[in-house]
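# Residue-level structure breakdown
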Amino acid sequence: MSQRVAVYPGSFDPVTLGHLDILDRATAIFDRVMVAVLANPAKTPLFTAEERVEIIRQCIADRPNVDVGSFDGLTVDYAESLGATAIVRGLRVLSDFESEFTMALMNRRLKPSINTVFLMTSFSNVFISSSIIKEVCALGGSVDEVAPDVSVRAMRRKFGIDTS
Ligand code: PNS
């Protein structure tokens, strides 16, 4: 039987526990999930694509059916190149819906054979985003409960905060 492959695209600048929550839900549905880091997102990222991929690589070390790569260009083209039939996106709050709905419909128009699958995050992750954890971390606040250790250490290094 053919494998059900999904891509989970995003900026992941850096990956949060909310992202990993969605990833774990996706692996319960698909045989293989490729985390797809958009190399050049519209907003200037804190981390290079290589750094974002490496952070995720460390987070997925014990997740056997997950891989990570980076891409530029259209998500649907990257998905197709991997033989994926689905794009996974996480939904947190209602305000996510409009832009996600637009994106899903455009992706469907571009590549009708690829469906977007929305997964709801856990309640505890509803207010977590990469932007908010970067802001809090840069200002010296604790983000230990909302980001994996590897992301926290990488952010603290970037912001020149003592990591000892
Ligand atoms: O983590 P983000 O920033 O919300 O992820 C957005 C992302 C990377 C999924 C989206 O910007 C994207 O797919 N970009 C690739 C270019 C593309 O395919 N654009 C058309 C989507 S309608």
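Whatever comes next refers back to the structure up there.
Residues numbered from 1 in each chain as written. Predicted model: local features only at pLDDT ≥ 70, side-chain atom pairs only at ≥ 80, totals over all residues. Heavy atoms only, no water.

### Focus on the site of the ligand
As a structural note, the neighbourhood of the ligand is formed by Gly10, Ser11, Leu38, Gly73, Leu74, Thr75, Arg89, Met103, Met106 and Asn107. Residue Ser11 places a side-chain N or O atom 2.6 Å away from an oxygen atom belonging to the ligand. Within the side chain of Arg89, one N or O atom sits 2.9 Å away from an oxygen atom of the ligand. Looking at the shell around the ligand element by element, the count peaks at three residues for helix 4 (residues 94-110). (Near = heavy atom within 4 Å. Polar contact = N/O pair within 3.5 Å; in protein donor to acceptor, adjacent residues only side chain to side chain. Helix = DSSP H or I, 4+ residues; strand = E, 2+ residues; numbered from the N terminus.)

### Observations concerning unusual backbone geometry
Residues Asp13 and Pro14 are joined by a peptide bond in cis, for which omega reads 0°. Along the chain, the position of Pro14 falls in the loop between strand 1 (5-10) and helix 1 (17-27). Residue Phe12 is not a glycine yet carries a positive backbone phi of 50°. For Phe12, the position within the fold is in the loop between strand 1 and helix 1. With relative accessibility at 3%, the residue Phe12 sits in the buried group. (Buried < 20%, exposed > 50% of the residue type's maximum accessible area, 1.4 Å probe, protein only.)

### Observations regarding the pairing of strand 3 (residues 66-71)
Sheet analysis places strand 2 (residues 32-38) next to strand 3, joined by six bridges and oriented parallel. Within strand 3, the position partnered with Val37 by the bridge is Ser70. For the segment spanning strand 2, helix 2 (residues 49-59) and strand 3, crossover handedness is right-handed. (Pairing = 2+ DSSP bridges. Right-handed = clockwise from strand over helix to strand, strands pointing away.)

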